[in-house]
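# What the coordinates show
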Amino acid sequence: MTEYQKGYIDRDFDAEPFASVVPEYSGRIYPRTDWRELLELQKQHRTSPLDHFLSAGCTVLNQRNTNFCWCAGVTGAVQVAYAMQGVDPVPHLSHTYPAALGMKFRNKGSWGVNAVRFINEYGLPTVEHYPEGVISRAKTQGDAVKASASKHSIVAFEEIESRNFDAAISALLCPIAPSPVSCGFSWWGHLVFAAAAVYRNGEWGVEIVNSWSDKWKNKGRTQLFGAKAVAHEYIAVRAAEVTADE
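Residue positions within a chain follow its written sequence, with the count starting from 1. Per-residue local features are limited, in this predicted model, to residues with pLDDT of at least 70; the limit for side-chain atom pairs, both in listing and counting, is 80 or more; totals at the level of whole chains, interfaces and linings are taken over all residues. Remark: hydrogens and water are excluded; side-chain values derive from all non-hydrogen atoms of the structure.

## So, the overall build of the chain
Numbering of helices and strands runs from the N terminus, with a helix taken as a DSSP run of H or I at least four residues long and a strand as a DSSP run of E at least two residues long. Looking only at helices and strands, the chain features 7 helices and 6 strands. For the chain, the succession of helices and strands along the chain, N to C, is α-α-α-α-α-α-β-α-β-β-β-β-β. Based on C-alpha atoms, the radius of gyration is set beside the globule rule, defined as 2.2 Å times the residue count to the power 0.38. Here the C-alpha atoms of the chain give a radius of gyration of 17 Å, agreeing with the 18 Å that 2.2 N^0.38 yields for 246 residues. Each residue's exposure class comes from its accessible area (1.4 Å probe, protein chains only) as a fraction of the maximum for that residue type: buried when under 20%, exposed when over 50%, partly exposed otherwise. Relative to its 246 residues, the chain shows a buried fraction of 56%. Counting only contacts in the chain whose residues sit at least 6 apart along the sequence, the fraction spanning at least 24 positions is 74%. Accessible surface computed for the chain: about 10700 Å², of which carbon and sulfur atoms make up 47%. Only four residue types enter the charge count, namely Lys and Arg as positive and Asp and Glu as negative; His and the chain termini do not. All charge positions are set by atom: Lys at NZ, Arg at CZ, Asp at CG, Glu at CD. Mean positive and mean negative side-chain charge positions of the chain (24 and 26 charges, respectively) differ by 6 Å. Residue contacts are defined here by distance: any two heavy atoms, one from each residue, within 4.5 Å place the two residues in contact. For the accessible areas, the method is Shrake-Rupley and the probe is 1.4 Å, while residue cover comes only from the protein chains on display.

## Some points on the pairing of strand 6 (residues 233–241)
The pairing criterion for strands is at least two bridges between them, as found by DSSP. Of the pairings in the sheet, the one linking strand 1 (residues 154–160) to strand 6 comprises 7 bridges and is antiparallel in character. Opposite Ala 156, over in strand 6, you have Ala 239 as the bridge partner. Alignment of strand 2 (residues 181–185) against strand 6, held across 4 bridges, turns out to be antiparallel. Note that in strand 6 the partner of Cys 183 across the bridge is Tyr 234.

## Side note on helix 1 (residues 32–45)
Expected span of a helix, by definition, is 1.5 Å for each gap between consecutive residues, and there is one gap fewer than residues. Its 14 residues place the ends of helix 1 21 Å apart at the C-alpha level, agreeing with the 20 Å of an ideal helix rising 1.5 Å per residue. Inspection of helix 1 places Trp 35, Leu 38, Leu 39 and Gln 42 among the buried residues, and these make up the whole buried set. Along the axis of helix 1, the buried positions cluster into a sector of 105°, meaning they face one direction only. Counted as exposed and oriented over 90 degrees from the buried face of helix 1: Thr 33, Glu 37 and Gln 44. Check the buried side of helix 1 and you find it contacts helix 2 (49–55), helix 7 (165–173), strand 3 (190–200) and strand 4 (203–209). Count one or two residues on from helix 1 and you reach Arg 46, which has phi positive near 55°. Directions from the helix axis toward the C-beta atoms define the arc.

## Some words on the pattern of salt bridges
A carboxyl oxygen of Asp or Glu within 4 Å of a side-chain nitrogen of Lys or Arg is what we treat as a salt bridge. The tally for this structure, following the rule as stated, stands at 7 salt bridges. With its nearest N and O atoms 2.9 Å apart, the salt bridge here joins Glu 207 to Arg 221. Here Arg 221 lies in strand 5 (residues 221–225) and Glu 207 lies in strand 4, a separation of 14 residues in the sequence. Judged by its relative accessible area of 11%, Arg 221 falls in the buried class. It is possible to trace a salt-bridge network through shared partners that takes in Arg 11, Glu 16, Arg 117, Glu 159 and Glu 233.

Right under this line is the structure:
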């Protein structure tokens, strides 16, 4: 481990095949010849997931001393999906709650599709009800935390094929319904989410939002290019629904 906790474990696609848990990504895969134009349109109209993340003031999550990046990255993308659907204010959600329950209160690494499973099963309470970085069986038992979690449990996830960079960029650049995309990186042993496609010196990449708080890099964000921008596991967050007011 470095100064920061990580925790992404490469998913075994033989044991858990592609699209066996959530549907395959249903959006169009745009040819690379269209990407520059789509990027310029997003910049002009400020419609990328990153634009929504920034304008809504979404919170950069902090996994603290846990190995739960695999759930934090997916949860961060859920917050952006709220912003893109006009939820105001966007709730600061606790990824630690479904991760702790799903892992039976063990501080263990995992992969993105398990975050999907646990969010679908347990929901996502706000941090006021279950703090980030706290692995506590007792804190999961109260009616208030369960009620909060139930309000943030309806999320439409779709999976992009492993290492299918073109599909991931297409999801981010889609002019009709762009999606934030969680990215589990083998080289990093870490899962974050991509909020925008980026282009620099003839090379495409992604701007990612990390789960190491807004003190890391550019307020919790950085850009990855080349092989480092290609993920082992991708999950697009297509929509999220709050079932009741907080």
